Amino acid sequence: MTAPDSDGARDVGTSEHDEVAKQRSELLEAYRTQNGDGERQSGKKRSNPKSGSTASQKDSRRTSDGESIVVDFVANFVAGGDAAFDPVKGRVLMSDRRLVLATSEAKTTIPITAIFDIAVGQVPPEVEEFFDYTVMVGYVEGDYRRTTVIGGDRETIEKFSLLLFRATLNGSTALVTHPAKVGGRVMDTPKRKTGLHLDYESVSFTGGDVPTSEDGPFSIDLASVVFFEVIERTDADGDSVLVLSVQHVENGQTVTSEISMGSRRKMNILGRYLRLIYHWIKSDVRDVDVEEHELEVLVGLYSTSEEIDLPSLLDIDDAELEARLESLYENDLITDEETPVDLTPQGRFIVNEEFEDINV
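A short tour of the structure in this document, coming up. (Residues numbered from 1 in each chain as written. Predicted model: local features only at pLDDT ≥ 70, side-chain atom pairs only at ≥ 80, totals over all residues. Heavy atoms only, no water.)

### A word on the overall build of the protein chain
(1) Moving on: In terms of helices and strands, the protein chain carries seven helices and 17 strands.
(2) Moving on: The burial tally for the protein chain puts 47% of its 360 residues in the buried class.
(3) Moving on: Carbon and sulfur atoms form 43% of the exposed surface of the protein chain, whose accessible area is close to 18000 Å². (Helix = DSSP H or I, 4+ residues; strand = E, 2+ residues; numbered from the N terminus. Buried < 20%, exposed > 50% of the residue type's maximum accessible area, 1.4 Å probe, protein only. Areas by Shrake-Rupley, 256 points an atom, 1.4 Å probe, with all protein chains shown as cover.)

### Concerning the side chain of Arg324
(1) Moving on: In this structure, Arg324 sits in helix H6 (residues 318-330).
(2) Moving on: Judged by its relative accessible area of 9%, Arg324 falls in the buried class.
(3) Moving on: Excluding anything up to four places from it in sequence, Arg324 contacts His293, Glu296, Val297 and Ile316. (Contact = heavy atoms within 4.5 Å.)

### What to know about the pattern of salt bridges
(1) Moving on: Counted according to the given criterion, the structure contains twelve salt bridges.
(2) Moving on: Between Glu201 and Arg348 there is a salt bridge, and its shortest N-O distance comes to 3.3 Å. Within this pair, whereas Glu201 is found in the loop between strand S11 (192-198) and strand S12 (202-206), its partner Arg348 is found in helix H7 (residues 345-359), the two being separated by 147 residues in sequence.
(3) Moving on: Assessed through its relative accessible area of 37%, Glu201 is described here as partly exposed.
(4) Moving on: A salt bridge links Asp221 to Arg348; its shortest N-O distance comes to 2.6 Å. Of this pair, Asp221 sits in strand S13 (residues 218-221) while Arg348 sits in helix H7, and the two are 127 residues apart along the sequence.
(5) Moving on: The class for Arg348 is buried, based on a relative accessible area of 14%.
(6) Moving on: Here the salt bridges do not stand alone but share partners, grouping Glu67, Arg97 and Arg98 into one network. (Salt bridge = Lys/Arg side-chain N within 4 Å of Asp/Glu carboxyl O.)

### Brief notes about the side chain of Ser257
(1) Moving on: Structurally, Ser257 is set in strand S16 (residues 253-260).
(2) Moving on: Within the structure, the side chain of Ser257 is placed 2.7 Å from the side chain of His178, a separation counted as a polar contact.
(3) Moving on: For Ser257, the contacting residues outside a window of four places in its chain are Thr177, His178, Phe218, Ile220, Leu244, Ser245, Val246 and His248. (Polar contact = N/O pair within 3.5 Å; in protein donor to acceptor, adjacent residues only side chain to side chain.)

### Description of the environment of Ile118
(1) Moving on: Residue placement: Ile118 occurs in strand S6 (residues 115-120).
(2) Moving on: Residue classification places Ile118 among the buried positions, given a relative accessible area of 1%.
(3) Moving on: Along the sequence, Ile118 and Val137 sit 19 residues apart, while their C-alpha atoms lie 4.8 Å from each other.
(4) Moving on: If near-sequence neighbours (up to four positions away) are discounted, Ile118 is found in contact with Val135, Met136, Leu164, Phe165, Thr168, Ile269 and Arg272.

See below:
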């Protein structure tokens, strides 16, 4: 995606794609210049975000009401805010309309539209002796707010949580301002009404003709996010609205996008989702050591096309490139040991940190 020029306007089309290509061809040089300034120390530790697919395949079964069952597993849970906090074992089922916690003696049904909070990995002190990893689901029942806690192994709970986030938010309507800022410069960009769709690696905004230099709808790569916050503002009617302001890296520069939805409930859940994925990526990246010569390969892969002769660009031979690619692949920073390859979310996160350092 390309930001507007200094006059706040740009023709969208071939010229924009050419500009993106030009920008990307300059990114590697900018990084190498920064690297040569001696501001960075060789062998600086980096880390690696969540890898692998986190989405379960949908179950083909349907309920008597014609709902597709997308989740069905056995877990321990505390349902309905039980004051005793006594976990019970039962089945967790979910369709696109409701979440059901069922035991041989009782059943708790939670409409998806009643969920106002999803907190992953925060084990309440009252049940920490029973659970290693949990998701807390806050929901409204009549005039009361209730909480259920579902526990299990980390992989199962994380997969379930992502499906729950998607069931809650996918298909929502959002107002998007992009770009709201380019660097520190405020842009005169109108809000556009779009749809919203969650993927593990990105949040996509369908429809609305939000400007983008890439094919398909505008999306925010979650591995490119460097900062985000929820801001409370007053709209033209004097009403208070929540706005999610997201700073992320596009083509080597920091831009800010702003998202709002009519539902404060959904805004809270979207903020939770970004916070969760950002935490997963950032915490995992701490476990990976990436040498400077490997960082240069990552930046080269990101900023050039597949047709580029990478060994010549980096001034190394084929054997050295092969060794660096193997190391990057072992650290889950690229998708294959041989070119052509893509960067994983972990790899993109590291590269975007480099660009953010350069922009600063």
